[in-house]
Amino acid sequence: MTDLLPLKRITRLTYGDALAADSRVEGEYAVVGSGGVSGTHKSRNFRAPGIVIGRKGSYGSIHWVPGGGFAIDTAYYIDETCTSADLRWLYYALQAVDLRGVSQDVGVPGLSRESAYQVLLPAAPPLEEQRRIADFLDAKTSRIDEVTNAMQSEIALLIQRRVQTIDRIWEPASSVPRMRLGYTTSLVTSGSRGWSDYVSDSGALFFRSANLQPDSIQPKLTNSVYVQIPADSATEAIRARIADGDVLVGITGANCGWVALANGAVTGGYVSQHVCLVRPDRHRISSKWLAYLIASPSVQDRLMGSQYGGTKTQLSLPDIRDLRVPVIPIEEQEKLSGEITLQVNRIDSLRSLRSRQLGLLAERRQALITTAVTGQIDVSTASGRGIEE
């Protein structure tokens, strides 16, 4: 097992420099901050190759910059002037420790240099061995990264297919009349502004915009809160009480336009002022069909698009009531929404599988780096082992 040394015994961290946007001149050198590359500049402040470590923002992040570049003042940099270690080996050794866990400044979290210097890193072996370890990890991690990128591309395609699947809800609508949603619902309302003062650890579920998800019509129940409705709000409470099959739509903030279909887990709760409750006429409108309809790209583009070209961050109840929905038999609505649910569930299952596989690949990558730089494996004999092992 390799001995451990404080980071300050292995390398020096050098502060990046301020570089205002209007001072940048596009050039051959990468501009690198805590979040990675953010453009180019005509000059550099560290040599090639270099390592950039996030200091503010995405603090503790580690970036390899093969061509040298300009580290801005949200980051530190390391180049050949800062260490006698092989920089590729050091890049991997830094990934074997948790730089994010050592410093969280009050107010604005960040990585202080003093705290970073106390982090224990594997002691650097002879230079020739460092290079062997780096060569081994270059080969192994590049293969893992290839598989990871392929899976991420597949997930992106699955997300696109999911969106297209939900938009199928409009297939029968091209040749049928449309009706204002307000004419096909028995209730379109939201909760009272004052109820937030009555949030407690018990009572009825208080359905907030945080209970909505961007890519699902299922309610999100993590971090749920509860409310004790005041006695003088009894009439409002009756209107804002969630029934099974209600369609819930975010109407303010970042979750504006997101949709959930009420099920048994939220039935009996109350919507907050930031959520619109839509109760369709069950004889004319299928709840699931309506939820997919509002969540579909076709409606979202119309509902959320601003006349000034941006995206709305607030909807009114009249915005919801004025939506035009196609007039098709409820049996056809239920059949189509059922088909879409089956397809969406298959897509979601495959996405979940790929996400779990990505997690395992990330664990495998981290384990390879840690065991190699700490001397737990002999890289000269492990070179033939594949990522599947």
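Residues numbered from 1 in each chain as written. Predicted model: local features only at pLDDT ≥ 70, side-chain atom pairs only at ≥ 80, totals over all residues. Heavy atoms only, no water.

(A) Broad picture of helix α5 (residues 287-295). In terms of burial, α5 is largely enclosed, as seven of its nine residues are buried. For α5, the full list of buried residues reads S287, W289, L290, A291, Y292, L293 and I294. (Buried < 20%, exposed > 50% of the residue type's maximum accessible area, 1.4 Å probe, protein only. Helix = DSSP H or I, 4+ residues; strand = E, 2+ residues; numbered from the N terminus.)

(B) Quick look at the sheet that holds strand β3 (residues 29-33). Strand order in the open sheet formed by three strands is β4-β3-β7, with mixed pairing between adjacent strands. Each of the sheet's edge strands pairs with one partner strand only, and the pair in question is β4 (36-41) and β7 (69-71). Across this sheet, the average inter-strand angle for adjacent strands is 30 degrees, counted without regard to direction. Pairing analysis gives four bridges linking β3 to β4, with the strands arranged antiparallel. Among the inter-strand pairings, G33 is bridged to a residue of β4, identified as G36. (Pairing = 2+ DSSP bridges. Axes fitted to C-alpha atoms, helices over the stretch in contact; angles between N-to-C directions.)

(C) Spotlight on the sheet that holds strand β12 (residues 199-200). Read from one edge to the other, the open sheet built from four strands follows the order β12-β14-β13-β17, with strand pairing classed as mixed. With one partner strand each, in any of the chains shown, β12 and β17 (270-271) form the two edges of the open sheet. Two strands pair when backbone bridges link them, and strand β13 (residues 204-207) and strand β14 (residues 225-227) are joined in this way by three bridges, in the antiparallel orientation. The residue of β14 that forms the bridge with A204 is V227.

(D) Here's a closer look at the packing of aromatic side chains. A full pass over the atoms with the stated rule returns five aromatic pairs. Taken together, a centroid distance of 5.9 Å and an interplanar angle of 80 degrees make the contact between W195 and Y270 edge-to-face. Taken as a pair, W195 in the loop between β11 (185-190) and β12 and Y270 in strand β17 lie far apart in primary sequence, 75 residues in all. A single burial state applies to W195 and to Y270, both of which are buried. The residue whose ring lies beneath R100 is Y59, and the NZ or CZ to ring-centre distance is 4.3 Å. Directly above the aromatic system of Y183 lies the positively charged group of R180, at a separation of 5.3 Å from the ring centroid. (Phe/Tyr/Trp six-rings, centres within 6.5 Å; stacked < 30°, edge-to-face > 60°. Lys NZ or Arg CZ within 6 Å of the ring centre and 35° of its normal.)

(E) Broad picture of the pattern of salt bridges. Scanning the entire structure with this criterion turns up 17 salt bridges. We note a salt bridge from D138 to R88, for which the minimum N-O separation is 2.3 Å. In this pair, D138 is assigned in helix α3 (residues 127-166) and R88 in helix α1 (residues 87-95), connecting sequence segments 50 residues apart. On the basis of relative accessible area, D138 is assigned to the partly exposed category, the value being 28%. With a shortest N-O distance of 3.1 Å, E171 and R168 are connected by a salt bridge. One network of salt bridges, with partners in common, ties together R162, D215, D348 and R351. (Salt bridge = Lys/Arg side-chain N within 4 Å of Asp/Glu carboxyl O.)

(F) Representation of the nonpolar core in the model. In this structure, I51, I78, L94, L121 and L137 are the most contacted members of the largest nonpolar core, which totals 39 residues. Every element with two or more residues in this core is listed here: β5 (50-54), β8 (75-78), α1, α2 (113-117), α3 and α8 (330-373). If you look at the next biggest cluster of nonpolar residues, it comprises 34 residues, including V188, I251, M304 and L317. (Core = buried A, V, L, I, M, F, W, Y, C linked by side-chain atoms within 4.5 Å.)

(G) Fine view of the side chain of R354. When you line up the elements, R354 lands in helix α8. Residue classification places R354 among the buried residues on the basis of a relative accessible area of 17%. At 2.7 Å, the side chain of R354 forms a polar contact with the side chain of Q357. Once residues lying within four places of it in the same chain are set aside, the contact partners of R354 are M151, E154 and I155. (Polar contact = N/O pair within 3.5 Å; in protein donor to acceptor, adjacent residues only side chain to side chain. Contact = heavy atoms within 4.5 Å.)

(H) Spatial organisation of the pairing of β3. By the criterion of burial, β3 is predominantly enclosed, with five of the five residues buried. Going residue by residue along β3, you find Y29, V31 and G33 tucked away on one face and A30 and V32 tucked away on the opposite face as well. Taking the residues between adjacent antiparallel strands as the criterion, β3 and β4 are bridged by two residues.

(I) Geometry of the pairing of β13. Taken together, the two bridges between β13 and β17 define a ladder with parallel strand orientation. If you follow F206 over to β17, its bridge partner there is Y270.

(J) Looking closely at the packing of α1 against α8. Packing of α1 against α8 brings their axes to within 9 Å, and their N-to-C directions diverge by 115 degrees. Judged by the twist between their axes, the crossing of α1 over α8 is left-handed. Along the contact surface, α1 presents W89, Y92, A93 and Q95, while α8 presents R365, Q366, I369 and V373. Per-class residue counts for the contact of α1 with α8 are five nonpolar, two polar and one charged. (Left-handed = near helix turned anticlockwise from the far one by under 90°. Nonpolar A, V, L, I, M, F, W, Y, C, P; charged D, E, K, R; others polar.)

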